[in-house]
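Tertiary structure, described
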Amino acid sequence: MDQDSTTPQALIAAALRRERTRARLSLTEVANRAGIAKSTLSQLESGTGNPSLETMWALCVALDMPLSRLLDPPRPTVQVIRAGKGPVLAAAESDYRATLLAAGPANTRRDFFRITAEPGHARRSDPHSPGVIEHVLLASGRALIGPIDAPVELGPGDYIAHPGDAPHVFEALAPNTSAAFVIEYP
């Protein structure tokens, strides 16, 4: 692959190949489980695709793995990620971006992200793997967050934990909405 091995596309490509091989699944089987085209998965594994956040979640559910495993290269003991830096995944139909800040080590099942979002279109999420819990601490702006049928309006400093294994939403209600976001896997 000619790409820089630290780009999000290169990290995703290597991780998808590794995880699919580990699970002993064909391209066709993973694509079918994720509900995406085999050609899309092939492009992602070759590092030429540009996946949406929704596609990445679907692949992680299909491979029974946390999202962070697709983006997290080995890290030094001290880690600093400057504002506006780090591997970012964007939602397909809303102005919503998730930046991986820290993946849970092998003995834990949690990932830590920075979320930035703008008003206009809600980020609606399909259910993740069974038992997943999402934790959100709103840093700025206002947002509706939680189960799709009963989201809660949060302001700066407000916190919510909700099931991630049911349909849920993050809808920015004010410009420059940002949050700290932790996904806890069972």
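So, here is what we can say about the structure in this document. Since we're looking at a predicted model, the values are computed, not measured.

Now for helix α1 (residues 8–22). An α-helical segment advances 3.6 residues per turn. Residues three or four places apart therefore align on the same side. In this model, α1 (15 residues) spans 21 Å end to end at C-alpha, consistent with the 21 Å of a helix rising 1.5 Å per residue. Those residues of α1 that fall on the buried side of the exposure criterion are Ala 10, Leu 11, Ile 12, Ala 13, Ala 15, Leu 16, Glu 19 and Arg 20. Of the surrounding elements, those touching the buried residues of α1 are α2 (27–34), α3 (38–46), α4 (53–63) and β1 (88–90). Note on α1: the residue one or two positions beyond its end, Arg 24, has a positive phi of about 55 degrees.

To continue, consider the nonpolar core. Formed by 42 residues in total, the largest nonpolar core has its most connected members in Leu 16, Leu 59, Leu 67, Leu 70 and Phe 170. Among the elements that make up this core, the one with the highest residue count is α4 (7 residues). Ignoring sequence-local partners within four residues, the contact set of Phe 170 consists of Tyr 96, Ile 115, Ala 117, Ala 122, Arg 123, Val 136, Leu 138, Ala 143, Leu 144, Ile 145, Thr 177 and Ala 179.

This part is about the pairing of strand β10 (residues 177–184). Strand direction decides the pairing type here: strand β3 (residues 110–117) and β10, joined by 8 bridges, are antiparallel. Following the sheet pairing, Ile 115 is matched in β10 by Ala 179.

A word on unusual backbone geometry. In the Ramachandran plot, Asp 64 falls in the positive-phi region, its phi being about 50 degrees despite a non-glycine side chain. In this fold, Asp 64 is placed in the loop between α4 and β1. Looking at Asp 64, the relative accessible area reads 55%, which means it is exposed.

A side chain of one charge can pair with a side chain of the opposite charge when the charged atoms of the two come close. Considering all chains together, one arrives at 7 salt bridges under this definition. The shortest N-O distance in the salt bridge between Arg 22 and Glu 19 comes to 2.6 Å. A residue pair is termed a helical-turn pair when its members lie 3 or 4 positions apart in one helix, as Arg 22 and Glu 19 do in helix α1 at 3 residues. Looking at Arg 22, the relative accessible area reads 46%, which means it is partly exposed. Residue class for Glu 19 comes out buried when judged on its relative accessible area of 4%. Of the charged contacts in the structure, one is a salt bridge between Glu 153 and Arg 142, with a shortest N-O distance of 2.5 Å. Placement of the pair is Glu 153 in strand β7 (residues 152–154) and Arg 142 in the loop between β5 (133–140) and β6 (143–147), with a sequence separation of 11 residues. Accessibility expressed as a relative area gives 44% for Glu 153, which makes it partly exposed. Each of Arg 18, Glu 19 and Arg 22 takes part in a single network of salt bridges with overlapping partners.

One can find Ser 42 in helix α3. Measuring from C-alpha to C-alpha, the distance between Ser 42 and Ser 26 comes to 11 Å, with 16 residues separating the pair along the chain.

Another point: the packing of aromatic side chains. Scanning the entire structure with this criterion turns up 2 aromatic pairs. The cationic tip of Arg 123 hangs over the ring face of Tyr 96; the distance from NZ or CZ to the ring centre is 5.5 Å.

Further remarks concern the sheet that holds β1. The strand order across the open sheet formed by 6 strands is β1-β2-β3-β10-β5-β8, and the pairing between neighbours is antiparallel. If you trace the sheet from one side to the other, it starts and ends with β1 and β8 (159–163), each paired once. Adjacent strand axes in the sheet meet at a mean angle of 25 degrees when their direction is disregarded. Of the strand pairs in this sheet, β5 and β8 are connected by 5 bridges, and their pairing is antiparallel. Within β8, the residue paired with Leu 137 across the bridge is Tyr 159. Against the sheet, α4 contacts β1, β2 (96–103) and β10, and its axis sits at roughly 105 degrees relative to β1.

Relative to the helices and strands, Ser 94 is located in the loop between β1 and β2. With sequence-adjacent residues up to four places away left out, Ser 94 is seen in contact with His 121, Ala 122 and Arg 123.

Conventions used here
- Residues numbered from 1 in each chain as written.
- Predicted model: local features only at pLDDT ≥ 70, side-chain atom pairs only at ≥ 80, totals over all residues.
- Heavy atoms only, no water.
- Helix = DSSP H or I, 4+ residues; strand = E, 2+ residues; numbered from the N terminus.
- Expected span 1.5 Å × (residues − 1).
- Buried < 20%, exposed > 50% of the residue type's maximum accessible area, 1.4 Å probe, protein only.
- Contact = heavy atoms within 4.5 Å.
- Core = buried A, V, L, I, M, F, W, Y, C linked by side-chain atoms within 4.5 Å.
- Pairing = 2+ DSSP bridges.
- Salt bridge = Lys/Arg side-chain N within 4 Å of Asp/Glu carboxyl O.
- Phe/Tyr/Trp six-rings, centres within 6.5 Å; stacked < 30°, edge-to-face > 60°.
- Lys NZ or Arg CZ within 6 Å of the ring centre and 35° of its normal.
- Axes fitted to C-alpha atoms, helices over the stretch in contact; angles between N-to-C directions.

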